[in-house]
Amino acid sequence: MKSVLVEKVKDSFEFICDEIASDKSISHRCAIFSLLSDRPSKIDRYLLGEDTLNSLNIATQLGADVKRVGDSITITPPLSVKEPNDILDCGNAGTAIRLYSGFLSGLDGMFILTGDAYLKARPMSRVVDPLREIGAKIDGRENGRLAPLYIRGSKLQSFRYHSPIDSAQVKSALILAALRANATCYYKEDLLSRDHTERMLVGMGANIENDEDGWIAIKPLKKSLKPLELTVPADPSSAFFFALATVITPNSKIVIKNVSLNKTRIGAYKVLKKMGANIEYELKEDKYEPIGDIYVAYNGKLKAVEVSSKIAWLIDELPALAIAMAFAEGTSVVKNAKELRVKESDRITSMITNLQKCGIVCKEFEDGYSITGGNLQEAVIDSYGDHRVAMSFAIGGIFSGMRIEDVDCIDTSFPNFFDILSKITKVEF
Ligand code: S3P
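Notes on the structure follow. None of these values were measured; they are calculated from a predicted model.

Rules behind the numbers
Residues numbered from 1 in each chain as written. Predicted model: local features only at pLDDT ≥ 70, side-chain atom pairs only at ≥ 80, totals over all residues. Heavy atoms only, no water. Helix = DSSP H or I, 4+ residues; strand = E, 2+ residues; numbered from the N terminus. Rg over C-alpha atoms; globule rule 2.2 N^0.38 Å. Buried < 20%, exposed > 50% of the residue type's maximum accessible area, 1.4 Å probe, protein only. Contact = heavy atoms within 4.5 Å. Areas by Shrake-Rupley, 256 points an atom, 1.4 Å probe, with all protein chains shown as cover. Lys, Arg positive; Asp, Glu negative; His and termini not counted. Charge placed at Lys NZ, Arg CZ, Asp CG, Glu CD. Core = buried A, V, L, I, M, F, W, Y, C linked by side-chain atoms within 4.5 Å. Near = heavy atom within 4 Å. Polar contact = N/O pair within 3.5 Å; in protein donor to acceptor, adjacent residues only side chain to side chain. 1 Å grid on protein atoms, 1.4 Å probe; cavity = no way out; pocket = protein on both sides within 12 Å on 5 of 7 lines; lining within 4 Å. Sits in = over half its atoms within 2 Å of the grid points. Nonpolar A, V, L, I, M, F, W, Y, C, P; charged D, E, K, R; others polar. Domains from an automatic or database assignment. Salt bridge = Lys/Arg side-chain N within 4 Å of Asp/Glu carboxyl O. Axes fitted to C-alpha atoms, helices over the stretch in contact; angles between N-to-C directions. Parallel < 35°, antiparallel > 145°, perpendicular 65-115°, else oblique. Left-handed = near helix turned anticlockwise from the far one by under 90°.

Right, let's talk about the overall build of the chain for a bit. Regarding its fold elements, the chain presents 13 helices and 24 strands. What you see for the chain is a C-alpha radius of gyration of 21 Å, in line with the 22 Å of a compact globule of 429 residues. For the chain, the residues scored as buried account for 60% of the 429 residues in total. Taking contacts inside the chain between residues at least 6 apart in sequence as the whole, the part at least 24 apart equals 72%. For the chain, the exposed surface amounts to about 16,500 Å²; the carbon and sulfur share of it is 47%. One finds the centroid of the 54 positive side-chain charges in the chain at a distance of 3 Å from the centroid of its 57 negative side-chain charges.

This paragraph deals with the nonpolar core. With 83 residues, the main nonpolar core has Phe242, Leu318, Phe417 and Leu421 as its most contacted residues. Examining the composition of this core, we find that nine residues originate from one element, helix 10 (residues 318-327), more than from any other. Leave out the neighbours within four places in its chain, and Leu421 touches Val6, Phe242, Ala394, Ile395, Ile398 and Val427. By size, the runner-up hydrophobic cluster in this structure holds 66 residues, among which are Cys90, Phe103, Leu131 and Leu225.

Time to look at unusual backbone geometry. Cis geometry is found at the peptide bond from Ala147 to Pro148, where omega equals 5°. Within the secondary structure, Pro148 is located in strand 9 (residues 146-152).

Around the ligand, a shell composed of Ser25, Arg29, Thr95, Ser167, Ala168, Gln169, Arg194, Ile315, Asp316 and Lys343 is seen. In the environment of the ligand, an oxygen atom lies 2.8 Å from a nitrogen or oxygen atom belonging to the side chain of Ser167. Within the side chain of Asp316, a nitrogen or oxygen atom sits 2.6 Å from an oxygen atom of the ligand. For the ligand, whose unbound accessible area comes to 380 Å², protein coverage reaches 95%. The pocket occupied by the ligand, as judged from atoms lying within 2 Å of grid points, is the largest pocket. Elements with a minimum of two residues in the shell around the ligand: helix 1 (24-33) and helix 6 (168-178). Looking at the shell around the ligand residue by residue, the classes come out as two nonpolar, four polar and four charged. Of the residues that make up the shell around the ligand, three or more belong to each of domain 1 (4-22 + 233-428) and domain 2 (24-231).

This part takes up the side chain of Ser22. By the element assignment, Ser22 lies in the loop between strand 2 (14-17) and helix 1. For Ser22, the residues in contact, after removing those within four places along its chain, are Ser27, Arg45, Tyr46, Leu47, Val232, Pro233, Ala234 and Asp235.

Applying the stated rule across the entire model yields 29 salt bridges. A salt bridge links Lys10 to Glu7, with the shortest nitrogen-to-oxygen separation between them at 3.6 Å. Two residues, Arg265 and Asp23, come together in a salt bridge whose shortest N-O distance is 2.9 Å. Of this pair, Arg265 sits in the loop between strand 15 (253-260) and helix 9 (267-274) while Asp23 sits in the loop between strand 2 and helix 1; the two residues are 242 residues apart in sequence, bridging distant segments of the chain. We note that Arg265, like Asp23, is buried. Salt bridges sharing common partners tie together Arg122, Arg194, Asp316, Glu344, Arg347, Asp386 and Arg388.

Here we take up the environment of Leu314. For Leu314, the location among the structural elements is in the loop between strand 18 (306-307) and helix 10. Contact partners of Leu314, with chain neighbours within four places excluded, come to Gly267, Ala268, Val271, Val307 and Leu321.

So, about the packing of helix 1 against helix 7 (residues 196-203). Their axes nearest at 10 Å, the elements helix 1 and helix 7 cross at an angle of 40°. Taken together, the axes of helix 1 and helix 7 are oblique relative to one another. Viewed along their axes, helix 1 and helix 7 form a crossing whose handedness is right-handed. Along its contact with helix 1, which presents Ser25, Ile26, Arg29, Cys30 and Phe33, the element helix 7 presents His196, Thr197, Met200 and Leu201. Within the contact of helix 1 with helix 7, the residues separate by chemical class into five nonpolar, three polar and one charged.

This is the structure in structure tokens:
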């Protein structure tokens, strides 16, 4: 188990950053969706993190031929998906296990999806229950609540499903199942969750449309889709750690290049701006996704904020935002965020327990927390095996110094995180 010591920053910094890890959500989808075409997909800047390499390995086990030169990959799909001769290991990746569940439910064959100890503790009923309702033969431990998941591909019925949670993983699993169903399917969520699946599949020629009442209509596939050809943008969730570093370090500035500016992904930047940070965007292209540069500059002490709506638009950045709250003047409150409890770790407990170790006054609620800004002190942090908890405290460490234990998990989403952090301060393993 690797641990790291992050030293207190000595100087202000100013740099242009074009090395942020590529988007994890889009990379997973590239691996999976390429199997819906009959021609090779070409992806540049595929994320070479553990999670997305697992999705790519699974595509290979299902018969795809993957050629990789650096982070450029060509995925040649099989004529039809092959029954794998082994289990499909998703590692730590919730996106992989949930999207592949929907994708495989309507195909011929037997499939077993599993992952690491953390993934095996995360809830799977959110995809298993609606998939069973449309005829999927899917099971798992505790009657399908936990992985490993066993799937025997079968014929799927059309559905009209109003999801009780705003989750892109659930939505994507159901959309992928709908592509194999016997008639048009309808899906609805209260708040639009990240919409990469809809954007990418429509770009590949799928018939997916939104009506005025917020229902997404998905027509079953009549033929193979067009292949994907895209450059994956930088991940706004990964970039956010360096936006955070900038707003807590006096006189610092950063330009983060070629980031997805999808509105469902940049809610946390808007909150940081509300806290007083100086943040601007420059839109540069809009093919599958709006992509551009984010300019962040230190702008004095942050102010406390309340976050209680549009949670799905900033769910992955709440750990890093908790660090910003620990620096802000006043007491910040996060509510309606109980989804944090079922992420890579229980992020409410992981963040609050570690912040308390750093001398910050904070309180846990069932669906969120309150954090009173103070003087963050050096401590020994437990990452709970959660990449975003580890990276959040590493950034906190540039203010106070910090030891973070169990940082291997960072490789799931941001393998070069410490290379970039080393431009700002000293990092010792
Ligand atoms: C993701 C969706 C979100 C997010 C996760 C990635 C995706 O999860 O937290 O990191 O790629 O679809 P939920 O859909 O469970 O909210």
